[in-house]
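Report on the structure
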Amino acid sequence: MADTKREIERKYESEESGLPDLTGVAGVEAVIDKGVAHLDATYYDTPDERLARSSITLRRRTGGSDAGWHLKFPVAPGVRDEIQAPLSPAVPRTLHGLVRSRIRDAELRPVVRLRSDRDVRHLVDGQGRVLAEVSLDSVRAERLTGDGGSAQWTEIEVELADGGDPAFLDKVEKRLRKAGVRRSGSSSKLARALAETAPAPKKARRAAKAGQADKAGKAHDVRKADKAGKEGKAGKAARAAAVPDPVTAGDHVLAYLRTQRDAIVDLDPAVRQDAHDSVHRMRVATRRTRSAFRSYAKVLDRAVTDPIGAELKWLAGELGVDRDQEVLTERLTAALDELPRPLLAGPVRTRLRTWSHARRGGSRRRLIAVLDGKRYLELLGALDALVDGPPWREAAAGEPPKVIAKAVRKDFGKLEALVEEAVALPPGADRDLALHEARKKAKRTRYAAEAAADALGEPAVDLVRSMKSLQGLLGDHQDSVMTREALRDLAGQAHAAGENAFTYGLLYGHEERRAELAEAALPEAWTSMKAAMDV
């Protein structure tokens, strides 16, 4: 079983043989010498260093108080989530799964070995509580691939104690600066080791990579377009993509799609760990991608995007097995919490828990199997291929205010027809279905406006804001429809078991009223929404 902790630390360059005096740091009552630990860590990555490119580290370390496997994900500068697992000869299956979206089918192998002599001090307050751990690390790095270069250096590491105030690190840094110590230029020991042990030509490539790689890759796209005899507008779109900032309509759409692809990959570990809201956010990324494919069909060739969209729909469905049930359970639980106790007739809460668990079944295991499966990895590969080599259509080279605004207006027009059709229907199942279709179209229009925000500015931002409000109203209505279906199911089970079904009928009436209020608010919300349609 793996354990997770939040790591907040700062690293500093040091040319000295010892730690500066830290007794003067505000709030520090004593500096306690914890001795020297001898650490031996082997870092694992793919041959092309995919984890390092994502600032992720995976190591097997012996020595010290936390020997074992450590997997670290970046959260913010100086902040990482560390997932630990017990020592074992090979990479633990749990940790391997957490990096699967990045390494795909590539092999994990040892790339760098770091041996460190760590001289540790604890900074404690007047009550003896540890505020931070400060260490002087003498590091020897050995590359285990290629030419096997080596390097060594000394650094100071300051790690905040669990639950500590990050502002305390500023106080420690102030004292270190007075002692002539400066921040490290590397985000981690591994990053420094890879840079300093790389063969000379590779070092030069690393130094030039930040400014040249993107330009070179995009220039290659231009040459491909020219060679295929498509210099025209497709070639212009490829040339426009060679500049850092989006210029053409295609640039803006591609930037949006790249963001969604990255979100799916980045959220994969969180979904595997069942982190709060992670499934919902990954599902939203799949929807945004599919919506962009449809909204901007004049920009990207649907012969390429439609099959990917179908796979994204499949993934969203797999992600939704737990999510939809979770939303229903939370809504029903909240409704029960609002009822006075005398209105809770029978074992209602127990019935709800039993119903919810039965419907979830083994869905978590199924979802992990999906994320470990070949079909999912092939989908990630297809998304990579799409953003690396977009299937441009002529409109991709067009000016954003013209091409993108036209796509948004088209989606809005379809939404308008659906809303007007829905409000014209009498209350009932047909109206519920029509409002659900309008809700889905509202999402698509909102996502199209999101993709247009950088190109069209404030009008698109206003539309996103208004569309989100409308979507929330329609979403609440649809949640009421689904909750009433669930209540009918619960009432039937309760009746069959000889239980009192009064409370389910009461909640059903409440949900009907919520739907009526949402429908009543729709005309005003729609009028306000149309006023925002200024793109």
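An account of the accompanying structure is given in this report. (Residues numbered from 1 in each chain as written. Predicted model: local features only at pLDDT ≥ 70, side-chain atom pairs only at ≥ 80, totals over all residues. Heavy atoms only, no water.)

A few words on the pattern of salt bridges. Pairing between side chains of opposite charge can happen when the charged atoms of each approach one another. Counting across every chain of the model gives 55 salt bridges. One network of salt bridges, with partners in common, ties together E7, E9, K11, K72, R80, E82, R118, D137, E155, E157 and K189. (Salt bridge = Lys/Arg side-chain N within 4 Å of Asp/Glu carboxyl O.)

Checked against the element boundaries, T305 lands in helix α10 (residues 302–338). Setting aside its immediate chain neighbours within four residues, T305 contacts F293, L300 and L386. (Helix = DSSP H or I, 4+ residues; strand = E, 2+ residues; numbered from the N terminus. Contact = heavy atoms within 4.5 Å.)

Our next topic: the side chain of R59. One can find R59 in strand β3 (residues 57–62). For the buried R59, no salt bridge is present, and the opposite-charge side chain at shortest range is E82, 4.1 Å distant. Only 3.2 Å separates the side chain of R59 from the side chain of Y43, close enough to count as a polar contact. (Buried < 20%, exposed > 50% of the residue type's maximum accessible area, 1.4 Å probe, protein only. Lys, Arg positive; Asp, Glu negative; His and termini not counted. Polar contact = N/O pair within 3.5 Å; in protein donor to acceptor, adjacent residues only side chain to side chain.)

This paragraph deals with the environment of K171. Counting through the fold element by element, K171 comes out in helix α4 (residues 167–178). Each C-alpha atom of the pair K171 and G24 lies 9.6 Å from the other, and the pair is 147 residues apart in sequence. Among all residues touching K171, those that are not within four sequence positions of it are V25 and A26.

To continue, consider a positive patch on the surface. A grouping of K298, R393, K402, K406, K410 and K414 is seen on the molecular surface, where their side chains present a positively charged patch. Tracing the backbone shows K298 in the loop between α9 (278–295) and α10. (Patch = residues over 30% accessible without salt bridge, like charges linked within 9 Å, V, L, I, M, F, W, Y side chains within 5 Å. Areas by Shrake-Rupley, 256 points an atom, 1.4 Å probe, with all protein chains shown as cover. Charge placed at Lys NZ, Arg CZ, Asp CG, Glu CD.)

Trans peptide bonds make up most of the peptide bonds, and negative phi angles are found at most residues other than glycine. The phi angle at E49 is positive, at roughly 55°, despite the residue not being glycine. Considering the arrangement of structural elements, one finds E49 in the loop between β2 (30–45) and α1 (50–53). Judged by relative accessible area, E49 falls into the buried class, the value being 9%. You will see that R104, though not glycine, has its phi angle at about 55°, which is positive.

For α4, built from 12 residues, the straight-helix expectation of 16 Å at 1.5 Å per residue is met to within 8% by its first-to-last C-alpha distance of 18 Å. Among the structural elements, β1 (3–13), β6 (109–124), β7 (130–143), β8 (150–160) and β9 (182–183) are those in contact with the buried residues of α4. (Expected span 1.5 Å × (residues − 1).)

This brings us to the nonpolar core. Within the largest apolar cluster, 65 residues are counted, with the highest numbers of intra-cluster contacts made by I264, Y296, V299, Y376, L415, M467 and L470. The element that contributes the greatest number of residues to this core is helix α15 (residues 429–456), accounting for 10 residues. Setting aside residues up to four positions removed in sequence, L415 forms contacts with A438, K441, A442, T445, M467, L470 and W526. Listed in part, the 17 residues of the second largest apolar core include L123, L160, V172 and V181. (Core = buried A, V, L, I, M, F, W, Y, C linked by side-chain atoms within 4.5 Å.)

A word on the packing of aromatic side chains. Overall, the coordinates contain two aromatic pairs when judged by the stated rule. With a centroid separation of 5.1 Å and 55° between ring planes, the pair formed by Y44 and W69 is classed as tilted. Note that Y44 is positioned in strand β2 and W69 in strand β4 (residues 68–76), a separation of 25 residues in sequence. Considered together, Y44 and W69 belong to a single accessibility category, that of buried residues. Between the aromatic rings of F412 and W526, the centroid separation amounts to 5.4 Å while the plane-to-plane angle is 10°, which identifies the pairing as stacked. Here F412 is found in helix α14 (residues 400–424), whereas its partner W526 is found in helix α17 (residues 502–532), with 114 residues between them in sequence. In this structure, R375 is placed above the aromatic ring of W314, and the distance from its NZ or CZ to the ring centre is 4.2 Å. (Phe/Tyr/Trp six-rings, centres within 6.5 Å; stacked < 30°, edge-to-face > 60°. Lys NZ or Arg CZ within 6 Å of the ring centre and 35° of its normal.)

Bringing the environment of K11 into the picture now. Tracing the backbone through its elements, the reader meets K11 in strand β1. Overall, the relative accessible area of 8% leaves K11 in the buried class. C-alpha separation for the pair K11 and E155, spaced 144 residues apart in sequence, amounts to 6.9 Å. For K11, the residues in contact, after removing those within four places along its chain, are E155, I156, E157, R183, S184, S187, S188 and K189. At 2.4 Å, the side chain of K11 forms a polar contact with the side chain of E157.

The analysis is restricted to geometry; functional conclusions fall outside its scope.
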